[in-house]
Amino acid sequence: MTVNLNSRVPAGPLTEKWDKHRFDVKLVNPANKRKYTVLVVGSGLAGASAAATFSELGYNVSCYCYQDSPRRAHSIAAQGGINAAKNYQNDGDSIQRLFYDTIKGGDFRSREGNVFRLAQISVNIIDQCVAQGVPFAREYGGLLANRSFGGAQVSRTFYARGQTGQQLLLGAYQALEKEIAKGGVTMYPRSEMLDLIVVNGRARGIVVRDEITGKVEPHLADAVVLATGGYGNVFYLSTNAKGCNTTAIWRSYKRGAAFANPCYTQIHPTCIPVAGEYQSKLTLMSESLRNDGRVWVPRRKEDVGTAPGAIPEADRDYYLERKYPSFGNLSPRDIASRAAKEACDDGRGVGPGGRGVYLDFADAITRLGEDKIRERYGNLFEMYERITDENPYKVPMRIYPAVHYTMGGLWVDYNLMSTIPGLHVAGEANFSDHGANRLGASALMQGLADGYFVLPVTIGDYLASNRLEPVSVDAPEVKAAVADVQARTSKLLSIKGKRTVASFHRELGHIMWEKCGMARDAAGLHQALEMIPKLREEFWQNVTIPGSGDDFNQTLEHAGRVADFLELGELMCRDALHREESCGGHFRVEHQTPDGEALRNDEQFAYVAAWEFAGEGKAPLLNKEPLVFENIKLSQRSYK
Amino acid sequence: MNLTLQVWRQSGPASEGKLTEYQATDVSPEMSFLEMLDVVNEKLAEKGDLPIAFDHDCREGICGSCGMMIDGVAHGPSRGTATCQLHMRSFTDGDTIVIEPWRAQAFPVIKDLVVNRSALDRIIQAGGYISVATGGAKDGNMIPIPKLDSDSAMDAAACIGCGACVAACPNGSASLFTGAKVSHLGLLPQGQPERYRRALRMVAQMDLESFGGCSLFGECMEACPKSISIDVIARMNRDYVYASVSAVEERALGGEG
Ligand SMILES: Cc1cc2nc3c(=O)[nH]c(=O)nc-3n(C[C@H](O)[C@H](O)[C@H](O)COP(=O)(O)OP(=O)(O)OC[C@H]3O[C@@H](n4cnc5c(N)ncnc54)[C@H](O)[C@@H]3O)c2cc1C
Ligand code: FES
């Protein structure tokens, strides 16, 4: 073990850790803040909130995104909502309960200290967003409304129609634009980070390619924050935006940052099924729909081709309600997804290829009326109809699980700092709070907690505690990093092979979905570990990238991302293979209870797997951070 | 079905562009418009030709990245739909489709169908926010907001910033975009302290960029993928006029009206 995995969770009672830590950290004198430069890569909820808040505090900030405007970061697409332990509904919620639900939902594979802090901060997030003018849903009395999400028996999810992510991101984006106007933040849109610059063991900058001019340049700083989102697109088809990628965190991994739990992937149960070969992405139907929709398949295989309306109640299998009576349709995502797969594997799936289950609103429409349903989910129903040409007010939706979120990411300590000093990681890009499965409406919460409330404290501590010598653009480490990026770009462009970038991406995605998707086994993972390196080799010999590196070239951008996915995919399979247990989204077929639930092995696997890059062509090293549970008793998860 | 595409190709901001013809064959009606272009692009790449550049990301109508003129109509023939949500079932076998970038002075072409929309960000910088720093906000339920107000604010806040309104407007005005933000924030109690100052500054910035004036043609509302109502422009104009006559720029207006 070579990397240092000290989690730096403060000692003392759980409820006092964060307060104590805030008192213990070093502060930067307000007059000195302007002298520090912090780079924030990413302008999603985590990045935009961090960049805006750093600037408010007085730091000199640069922020980067690959889209043409920071407002388009993938967080914009989040639909359902954001959790907070406000207990406005008086239904028994508390910080303690949100903490417990999150740890349990994550199948006891996350750090207590981090998760408790997240639950504490959740309440401040809502207040901050309201102050910014986020138009959360309201009751007639003018107070904030809530809905329920999976894995919880209280109603703690705040929302803005089906566009919660959009409204939260616009709040953060507007705060960011306010700071840009004041001169505290310099924004670099259409800019892609292609490498990390490490000098004397510390993160001191990044290498950036301007997507319009193709210019590759170093940007230097005192600290770097990565908030570059998740890597679900390693599966090609996912609910992520097309540009979502692993490049920033993968390049940093190769510069020494440990990658934690890469195999923890969330497959979301309610997405619109694949329609054809040309499919370019999958569309999520928010989990909030499970508040009012009932999931079912025909009880008998013979009924699979029958119109849903013609199948009588008695011949329907509301399998979630049957198997998990206390959580029913609101069972956590990993469980609901596997149950859908099981029903389809059993030959009872509906729609093309038998890969679909019904999500039926007929009962809710009868009970509440079509108007109420329209008010709650109108935009989602419209989106569904636009894609499938079917009217979900009249016929049940057809849904199927799809890749949605990655719980794995760069390893970070309590300060959200990676194993490279000075490199901090926030939002979906880190591994921190969701263990082996994330609960719905908790990613938005985590991204904003990291950016608005955690990093502004901990980055100051880092800057105040370390003497950072100035770095020059002529430093050998800087020149080498820039040269590496240029060499890689030229290499990609020089191959001039026969296969398109997209075809490699699709093939990789297919391997990942089949072998490292909803269910994994040793045999399949071994196969994948042979197939991926071969595919990667072919990529580097036979990919074709028309055009040059000196101007706007989307194929080149895509190629760089696929090259990194081709490496990451292998690490994911390796991680999935080594974890000889099932937990949350990681389901190893060999390890299940008699009734088919995930079977953990706490004795051997209650740890974070933090992989360390050991050099090209060498097997990565496994480091372990043991998970210590002082406040929660580990138990077999039950939603029955 | 088989389609003929006439696509605007322009290699860079300074070069001349022209329409070039491509065949899109075996198009399935279930495909989205962008998936149809993906297929065309993959064929181009296989031949070593340059694929057609176009902005896109979420492909579900929310990020505002995509946008093109399809047969002269911003985002194409379906109402309330972004280009990425348009499906090929809206077209028929044998159609010829003309595809061009947003045409507006304020949106210079970068390449093919990709334009520079940074002017929209600068309008937000001019005042499209509420000036609260992180921390110290009071409890969210301390500010009760009538459901109707909050719903109307949300209607305006739904804008995805794609720029279709500008592209559709004969004058190239950004009034729907700007009005949407002025209305979203101006309808909420939290937005009152800066309400008039915001309207003044955002309108001033809009004028500084190369956007045209608004003649209330209403084309913007027709093109808007979120069907944002032209009422937001009236609201912006009222706030602007009030602000101009009472010179509020210097006098901070307080209170939670
Ligand atoms: C369809 C959908 C619906 C969802 N709904 C919910 C929900 O209801 N509730 C919930 O809690 N969560 C939801 N999630 C999850 C949640 O939206 C994401 O986990 C979260 O928004 C991620 O935020 P982020 O700030 O970490 O990253 P992102 O928002 O993904 O932002 C990443 C940023 O990094 C930039 N970037 C990436 N790579 C580079 C690079 N190499 N160089 C420069 N910049 C780069 C991008 O430009 C972007 O600005 C949903 C996710 C999806 C896909
Ligand atoms: S690609 Fe996001 S709106 Fe069309």
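Residues numbered from 1 in each chain as written. Chains lettered and ligands numbered in written order. Predicted model: local features only at pLDDT ≥ 70, side-chain atom pairs only at ≥ 80, totals over all residues. Heavy atoms only, no water.

### Looking at the domain arrangement of chain B
Residue and element names in this part refer to chain B. Its domain assignment divides chain B into domain 1 (3–111) and domain 2 (118–256). Here the C-alpha centre of domain 2 lies 30 Å away from the C-alpha centre of domain 1. Across the boundary between the two partners, domain 1 contributes 18 residues, which contact 18 residues of domain 2. Together domain 1 and domain 2 conceal approximately 1,300 Å² of surface at their shared face, both sides included; 59% is due to carbon and sulfur atoms. The largest contributions to the domain 1 side of the interface with domain 2 come from Arg-79, Ala-106 and Phe-107, which together make up 32% of the buried area. Counting across the interface, domain 1 meets domain 2 through one salt bridge. For the salt bridge of Glu-222 with Arg-79, the shortest nitrogen-to-oxygen distance reads 3.3 Å. One can count three residue pairs in polar contact (both at pLDDT 80 or more) joining domain 1 with domain 2. (Domains from an automatic or database assignment. Contact = heavy atoms within 4.5 Å. Buried area = accessible area lost by both parts, 1.4 Å probe. Salt bridge = Lys/Arg side-chain N within 4 Å of Asp/Glu carboxyl O. Polar contact = N/O pair within 3.5 Å; in protein donor to acceptor, adjacent residues only side chain to side chain.)

### Structural notes on the site of ligand 1
Close to ligand 1 lie 38 residues; A:Gln67, A:Ser75, A:Gly80, A:Met193 and A:Glu428 are nearest. The environment around ligand 1 is built from residues contributed by chains A and B. Take A:Ser75: an N or O atom from its side chain is 2.5 Å from an oxygen atom of ligand 1. In the complex, the protein chains occlude 98% of the 1,000 Å² of accessible area that ligand 1 would expose alone. (Near = heavy atom within 4 Å. Areas by Shrake-Rupley, 256 points an atom, 1.4 Å probe, with all protein chains shown as cover.)

### A word on the pattern of salt bridges
Residue and element names in this part refer to chain A. Tallied over the full model, the rule gives 79 salt bridges over all chains. The partner of Glu-179 in a salt bridge is Lys-182, and the shortest N-O contact between them spans 3.2 Å. Of the two residues, Glu-179 and Lys-182 are both situated in helix α6 (residues 164–182); the distance of three residues between them amounts to about one turn of the helix. Judged by relative accessible area, which is 61%, Lys-182 ranks as exposed. (Helix = DSSP H or I, 4+ residues; strand = E, 2+ residues; numbered from the N terminus. Buried < 20%, exposed > 50% of the residue type's maximum accessible area, 1.4 Å probe, protein only.)

### Quick notes on the domain arrangement of chain A
Residue and element names in this part refer to chain A. Split into domains, chain A comes out as domain 1 (14–264 + 407–465), domain 2 (268–404) and domain 3 (476–607). Averaged C-alpha coordinates put domain 1 and domain 2 at centres separated by 31 Å. Domain 1 puts 23 residues into the contact, and the matching count from domain 2 is 28 residues. Counting the surface lost from both domain 1 and domain 2, the interface buries some 2,200 Å², and carbon and sulfur atoms represent 51% of this. Area buried by domain 1 at its contact with domain 2 is led by Gln-79, Leu-237 and Thr-239, which between them contribute 29% of it.

### What about unusual backbone geometry?
Residue and element names in this part refer to chain A. A positive phi angle is found at Asn-200, which is not glycine, with a value near 50°. As for its placement among the helices and strands, Asn-200 is situated in the loop between β6 (191–199) and β7 (202–210). Of note in the backbone geometry, Ala-441 takes a positive phi value of approximately 70° without being a glycine. In this fold, Ala-441 is placed in the loop between β17 (423–425) and α12 (443–465). With a relative accessible area of 5%, Ala-441 lands in the buried category.

### What to know about the packing of helix α4 (residues 95–105) of chain A against helix α5 (residues 112–132) of chain A
All names here are of chain A. One way to put it is that α4 packs onto α5 with a least axis distance of 9 Å and a crossing angle of 135°. Here α4 is positioned oblique relative to α5, judged by the angle of their axes. Handedness of the crossing formed by α4 with α5: right-handed. Across the interface between the two elements, Ile-95, Gln-96, Leu-98, Phe-99, Thr-102 and Ile-103 from α4 touch Glu-112, Val-115, Phe-116, Ala-119, Gln-120 and Ser-122 from α5. Among the residues making up the contact of α4 with α5, the classes are represented as seven nonpolar, four polar and one charged. (Axes fitted to C-alpha atoms, helices over the stretch in contact; angles between N-to-C directions. Parallel < 35°, antiparallel > 145°, perpendicular 65-115°, else oblique. Left-handed = near helix turned anticlockwise from the far one by under 90°. Nonpolar A, V, L, I, M, F, W, Y, C, P; charged D, E, K, R; others polar.)

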